[in-house]
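# An overview of the molecular structure
So you can see what is in the structure, the chains are spelled out below.
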Amino acid sequence: MAGATRRRDGHVTQERMLEEAMAAIAEDGLASLTMSALAERLGTSGGHILYYFGSKDRLLLAALRWSEAALAEERRALLGRRTSAERKLDDFLRLYLPRGPRDPRWTLWIELWARTAGNPELREAQRELDADWQRDLESLLAAGAARGRFAPLDAPARASELLALLDGLSTRVALGQDSAPGARPALDSARAAAALLVPRA
């Protein structure tokens, strides 16, 4: 349970470390997140955090995986709903996009993208997490086309194109680069792009 901050031996749980890391990123940005600062927030030692994660890169990757695992559950629920394919696609767009500037999940993604070139572990993790989103969007689009809600399409190609566009929109939101900050303008742009890439039947 996420609310259990410490085990009986007084050590902070790994899940609590990840929760607090995400909260710190949302509050102060990634540059302020150091092992010592996180340890101070948790009332533990930097050595205790390093024992579990080994490095800041691995802590960040674990935090991203933890965040993405929660979103994966939401995606599965979304895909299983008894609702129209159009509604599922709209919900998918909402789920993918950041909530606003400095969204901690997207802050992590941007940071890790910059580090993947020289880090095979991060590069493989990125591929794995991206593939999960790709697979689920392909499934959504293919099912919608099969039910006659979307025009016939190449689901893998359309999913890849739409995800690339969503990455660009999300990066602008997370970095606060939109002229109208917040998730709503990005969602409107994503909907417009989806209407072109995934036309209705």
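Refer to the structure presented above.
Treat the numbers as computed from the prediction; the structure is a model and nothing was measured. (Residues numbered from 1 in each chain as written. Predicted model: local features only at pLDDT ≥ 70, side-chain atom pairs only at ≥ 80, totals over all residues. Heavy atoms only, no water.)

## Brief notes about the overall build of the protein chain
What counts is decided by this rule: In this description a helix means any DSSP run of H or I spanning at least four residues, a strand means any run of E spanning at least two, and both kinds are numbered starting from the N terminus. Only protein chains enter the accessibility calculation, which uses a 1.4 Å probe; a residue whose area is less than 20% of its type maximum is buried, one above 50% is exposed, and one in between is partly exposed. Note on contacts: a residue pair qualifies if any of its non-hydrogen atoms lie within 4.5 Å across the two residues. What sets the accessible areas is the Shrake-Rupley method with a 1.4 Å probe; for residues, cover comes only from the shown protein chains.
A tally of helices and strands in the protein chain yields nine helices and zero strands. Expressed along its principal axes, the backbone C-alpha trace of the protein chain runs to roughly 60 × 35 × 30 Å. Within the protein chain, the fraction of its 201 residues that count as buried is 43%. For the protein chain, long-range pairs separated by at least 24 residues make up 66% of all intrachain contacts whose partners lie at least 6 apart in sequence. Carbon together with sulfur atoms contributes 52% to the accessible area of the protein chain, which is approximately 10,300 Å² in total.

## Considerations on the environment of Leu163
Topologically, Leu163 is positioned in helix α8 (residues 155–174). Other than its neighbours up to four places away in sequence, Leu163 contacts Phe92, Tyr96, Trp133, Gln134 and Leu137.

## Describing helix α5 (residues 85–96)
Test applied: Here, expected helix span is obtained from the residue count minus one, scaled by 1.5 Å.
The end-to-end C-alpha distance of α5, which contains twelve residues, comes to 16 Å, matching closely the 16 Å that a straight helix rising 1.5 Å per residue would cover. Buried residues dominate α5, accounting for ten of its twelve residues.

## Here we look at the packing of aromatic side chains
Selection criterion: Two rings belonging to Phe, Tyr or Trp (six-membered ring only in the last case) form a pair when the distance between their centres is within 6.5 Å. Interplanar angles under 30 degrees mark stacking, angles over 60 mark edge-to-face geometry, and anything in between is tilted. Criterion for a charge above a ring: Arg CZ or Lys NZ at most 6 Å from the ring centre, at most 35 degrees from the ring normal.
Under the criterion given, the structure shown has seven aromatic pairs. Each ring, one from Phe92 and one from Tyr96, has its centre 6.4 Å from the other, and the planes form 15°; the classification is stacked. Of this pair, Phe92 and Tyr96 both sit in helix α5, four residues apart, which is roughly one turn of that helix. Each member of the pair Phe92 and Tyr96 is classed as buried. Considering the side-chain rings of Trp106 and Trp113, the 5.8 Å spacing of their centres and the 65° angle between planes classify their relative orientation as edge-to-face. Grouped by ring-pair contacts, the aromatic residues Phe92, Tyr96, Trp106, Trp109, Trp113 and Trp133 constitute a single cluster. Its end group placed over the ring of Trp133, Arg75 keeps NZ or CZ at 4.1 Å from the ring centre. Between the NZ or CZ atom of Arg105 and the centre of the ring of Tyr96, over which it lies, the distance is 5.9 Å.

## Remarks on the side chain of Asp91
Within the fold, Asp91 resides in helix α5. Asp91 sits in the buried class, given a relative accessible area of 13%. Here Asp91 is in contact with Leu78 and Arg81, once residues within four sequence places are set aside.

## Notes on the pattern of salt bridges
Which entries qualify depends on this criterion: Salt bridge, as applied in this entry: a Lys or Arg side-chain nitrogen positioned within 4 Å of an Asp or Glu carboxyl oxygen.
Inspection of every chain in the model, using the stated rule, returns 23 salt bridges. Linking Arg16 and Glu19 is a salt bridge whose minimum nitrogen-to-oxygen distance equals 3.3 Å. Of the two residues, Arg16 and Glu19 both sit in helix α1 (residues 14–28), three residues apart, roughly one turn of that helix. A salt bridge links Asp90 to Arg94; its shortest N-O distance comes to 3.3 Å. You can see Asp90 and its partner Arg94 sitting in helix α5, four residues apart, about one turn around the helix. What you see here is one network of salt bridges that share partners, running through Arg16, Glu19, Glu20, Glu27, Asp28 and Arg41.

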